[in-house]
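Residue strings, one per chain:
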Amino acid sequence: MSERADTAGPPRPGHDDPTRVLVIWPPQVLSYFNAGHHLALYQVAGHLRAVLPGATVTAVDASVRRLTWKDVGNDLFQQQYDVIAVMNDFDGVDGLRRFVTYARSLSPRARIVTFGRLSGVNPAYFRTFALDAVVENGDFEAGVAAAVDVFRGLAETAPGVHLRRPEGWAAPARPGTVLPSEQWHLPEPHEIPYQRYDELYHDDANKFCGIPRRRELVVPAARGCPIGCSYCEVHPIFGKRERRLTVARTLEYIERSFDAAPFEYVAFYAPTFTLDRRWTTELCERLTGLGSPYPWKCATTLHHLDADLVATMGRAGCIRISVGLETLDPEGHDALPRSKRKSEQDLDDLSAWCSAAGIELNCFVMVGLPGSSTAGVRRTVAKVRELGGRSRPTVYTPWEATRADMTDEEMAAFNRQLFVPGTHNLDAEELREAYDVVFGRQPDVTAVFEKVPERAPEGAAKDIGAQGIGAQGIGAQDGAAVRVAS
């Protein structure tokens with residue numbers, strides 16, 4: 001345990017049913033933004049509303065809404081939460097310890113559980129925080145709900161969740177629960193500060209996930225992935241068996257959301273969107289039958305695409321396909337699953353298919369992949385640009401090098417933007433060149449927004465979600481504080 005380890009409040013067996021619950025991403029300056037990564041906040045909150053009838057569940061993304069510590073402190077003190085579920089992420093440790101300190105000081109009765117992608121790859125690190133529970137694996141909402149059952153005295157253990165006991169921390173006795181897709185809560189548009197999302201996506205040189213100048217509806221369509229990339233958190237947390245929404249529920253959610261708010265395109269949030277070819281084809285056929293009314297984008301692998309499928313996707317309204325290219329450098333292929341080891345000819349073929357279908361090609365490129373060289377990365381990026389594609393570079397992150405006793409500063413370096421000291425052998429010049437790929441000028445910015453019709457003049461009639469802090473708490477004005485009658 002770290003020398004800076006905090007002490008959580010004493011366990012309270014038989015704790016009363018919670019009436020006030022906060023689900024929060026704590027304040028921080030984001031290093032990357034993908035709206036899909038943040039939707040788990042609202043899915044967890046929606047699930048808790050279903051399993052805790054009568055409770056007021058507030059969902060707040062303090063990072064996106066740029067809340068101050070005074071805003072958060074006011075709310076913690078005035079609301080006196082019974083349970084706080086705080087979301088963690090790869091670049092989200094900077095404010096987490098401070099948030100827990102505020103919560104312990106200002107809502108001292110609260111039981112605190114953390115969930116997120118970072119605790120899925122290094123759960124023991126979070127034992128150094130003043131927490132009551134840490135979700136390691138399984139679906140986030142299932143883990144948080146299981147921890148709440150322990151807090152309520154309804155269970156002794158929680159699948160996939162580390163629990164603080166009077167004698168110390170106890171690891172989960174069995175893996176976390178993965179839910180059937182019918183039990184996934186799909187976020188309501190009124191909960192989410194979409195105007196802030198628009199602002200984060202405005203400068204495409206940042207190579208964030210969204211399309212600038214247009215409003216994005218994210219559809220969390222699938223979880224789990226069988227590919228098993230060593231640098232990916234999906235399969236350790238959500239499993240190798242993929243689960244998906246039905247096509248019918250997917251379309252119903254899109255139609256309902258577009259009726260409720262001025263969305264302009266759809267982003268399918270799925271680890272490998274075209275993994276299930278039959279599902280993808282059915283969706284495309286349904287969309288084409290409707291007249292392809294929704295421009296959309298997705299992420300997948302080269303291995304799970306071919307000319308016929310790309311053409312089908314283009315007819316159905318697809319405007320961007322993102323692929324995990326990682327590297328064209330053969331020296332780096334040993335670090336990739338066999339299905340992701342692709343050649344320049346493979347990329348040439350995909351580019352031609354996308355061009356014929358009117359689809360933008362976006363390639364995820366990995367800088368610092370073991371075995372690869374900086375020169376190889378530069379050749380990969382140059383090839384993508386030569387073909388008219390868009391590259392999105394990130395730094396390879398060796399999760400196997402994380403430890404339980406890391407300082408917050410050490411853990412924060414595993415953010416896919418910085419090289420972790422001691423995990424690479426680049427000299428100073430090579431390091432500068434590698435960082436230039438990620439942080440240097442990015443000439444391949446997108447113009448794909450031109451293919452997405454505007455539903456309202458830019459900056460007008462798109463303001464859904466909160467901008468201010470209401471007297472009733474930090475969730476009140478974005479519709480995030482929802483009470484479900486018993």
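Provided above is the structure to which this section pertains.
Rules of the game
Residues numbered from 1 in each chain as written. Predicted model: local features only at pLDDT ≥ 70, side-chain atom pairs only at ≥ 80, totals over all residues. Heavy atoms only, no water. Helix = DSSP H or I, 4+ residues; strand = E, 2+ residues; numbered from the N terminus. Contact = heavy atoms within 4.5 Å. Buried < 20%, exposed > 50% of the residue type's maximum accessible area, 1.4 Å probe, protein only. Pairing = 2+ DSSP bridges. Axes fitted to C-alpha atoms, helices over the stretch in contact; angles between N-to-C directions. Core = buried A, V, L, I, M, F, W, Y, C linked by side-chain atoms within 4.5 Å. Arc of directions from axis to C-beta. Left-handed = near helix turned anticlockwise from the far one by under 90°. Nonpolar A, V, L, I, M, F, W, Y, C, P; charged D, E, K, R; others polar. Salt bridge = Lys/Arg side-chain N within 4 Å of Asp/Glu carboxyl O. Expected span 1.5 Å × (residues − 1).

The next thing to look at is the environment of Leu163. Turning to its location among the elements, Leu163 is positioned in strand β6 (residues 161-165). Distance in space between the C-alpha atoms of Leu163 and Leu131 is 8.8 Å, their sequence separation being 32 residues. Apart from the residues within four sequence positions on either side, Leu163 is in contact with Asp132, Ala133, Val150, Glu156, Thr157, Ala158, Gly168, Trp169 and Ala170.

Further remarks concern the pairing of β6. Counted residue by residue, β6 has four buried out of five residues, so it is predominantly covered. Summarising the sheet, strand β5 (residues 133-135) and β6 pair through three bridges and their orientation is antiparallel. If you follow Ala133 over to β6, its bridge partner there is Leu163. Of the strand pairs in this sheet, β6 and strand β7 (residues 168-170) are connected by three bridges, and their pairing is antiparallel. Considered in β7, the bridge of Leu163 is made with Ala170. Between β6 and the antiparallel strand that follows it, β7, lie two residues.

Once that is clear, we can look at the sheet that holds strand β11 (residues 265-269). One open sheet holds the six strands; their spatial order is β8-β11-β12-β13-β14-β15, and the pairing between them is parallel. Strands at the two margins of the open sheet, each flanked by one partner only, are β8 (216-220) and β15 (390-395). Strand-to-strand twist across the sheet, computed as the mean angle between neighbouring axes with direction ignored, equals 20°. As defined by bridge partners, strand β13 (residues 318-326) adjoins strand β14 (residues 360-367) across five bridges and the pair is classed as parallel. Bridge assignment links Ile321 to a residue of β14, and that residue is Leu361. Those strands touched by helix α1 (residues 35-51) are β8 and β11, and its axis lies near 65° from that of β8. Strands in contact with helix α8 (residues 247-260) are β8 and β11; relative to β8, the strand with the most contacts, it is inclined by about 155°.

One finds Val23, Phe268, Trp296 and Ile321 to be the most contacted residues of the largest nonpolar core, which totals 107 residues. Looking at this core, the element that brings in the most residues is helix α5 (residues 140-151), giving nine residues. If near-sequence neighbours (up to four positions away) are discounted, Ile321 is found in contact with Cys298, Thr300, Leu305, Val310, Met313, Cys354, Ile359, Glu360, Leu361 and Asn362. By size, the runner-up hydrophobic cluster in this structure holds 34 residues, among which are Tyr81, Val100, Ile112 and Ala412.

Here we come to helix α6 (residues 194-201). Those residues of α6 that fall on the buried side of the exposure criterion are Tyr194, Arg196, Tyr197 and Tyr201. All buried residues of α6 project into a common sector of 150° when viewed along the axis, lining one side. Tucked inside the fold, the buried residues of α6 contact α1 and β8.

Looking now at unusual backbone geometry. The backbone phi angle of Ser292 is positive, close to 50°, even though this residue is not glycine. The phi dihedral of Arg416 falls on the positive side, at around 70°, and the residue is not glycine. In this fold, Arg416 is placed in the loop between α13 (408-412) and α14 (428-439). For Arg416, a relative accessible area of 23% translates into the label partly exposed.

Another aspect to go through is the packing of helix α9 (residues 277-289) against helix α10 (residues 307-315). In the contact formed by α9 and α10, the axes pass within 8 Å of each other and the chain directions differ by 35°. The handedness of the crossing between α9 and α10 comes out as left-handed. Across the interface between the two elements, Arg277, Thr280, Thr281, Cys284 and Thr288 of α9 pack against Asp308, Leu309, Thr312, Met313 and Arg315 of α10. A breakdown of the residues in the contact of α9 with α10 according to their chemical character gives three nonpolar, four polar and three charged.

With respect to the element layout, Thr250 can be found in helix α8. Assessed through its relative accessible area of 0%, Thr250 is described here as buried.

The next point concerns the pattern of salt bridges. Applying the stated criterion across every chain, the model contains 32 salt bridges. Notably, a salt bridge pairs Arg97 with Asp408, separated by 2.8 Å at the nearest N-O pair. Of the two residues, Arg97 sits in helix α3 (residues 96-106) while Asp408 sits in helix α13, which places them 311 residues apart along the sequence. The partner of Asp139 in a salt bridge is Arg243, and the shortest N-O contact between them spans 2.8 Å. Of this pair, Asp139 sits in the loop between β5 and α5 while Arg243 sits in strand β10 (residues 243-244), placing them 104 residues apart in sequence. Arg243 gets classed as buried once you look at its relative accessible area, which sits at 5%.

Over its 13 residues, helix α12 (residues 374-386) runs 18 Å from end to end, which matches the ideal 18 Å to within 8%, given 1.5 Å per residue. Taken together, the buried positions of α12 are occupied by Thr374, Gly376, Val377, Thr380, Val381, Lys383 and Val384. Its buried side turned inward, α12 meets β13, α11 (344-357), β14, β15 and α14. Backbone geometry just downstream of α12 places Gly388 in the positive-phi region, at approximately 85°.

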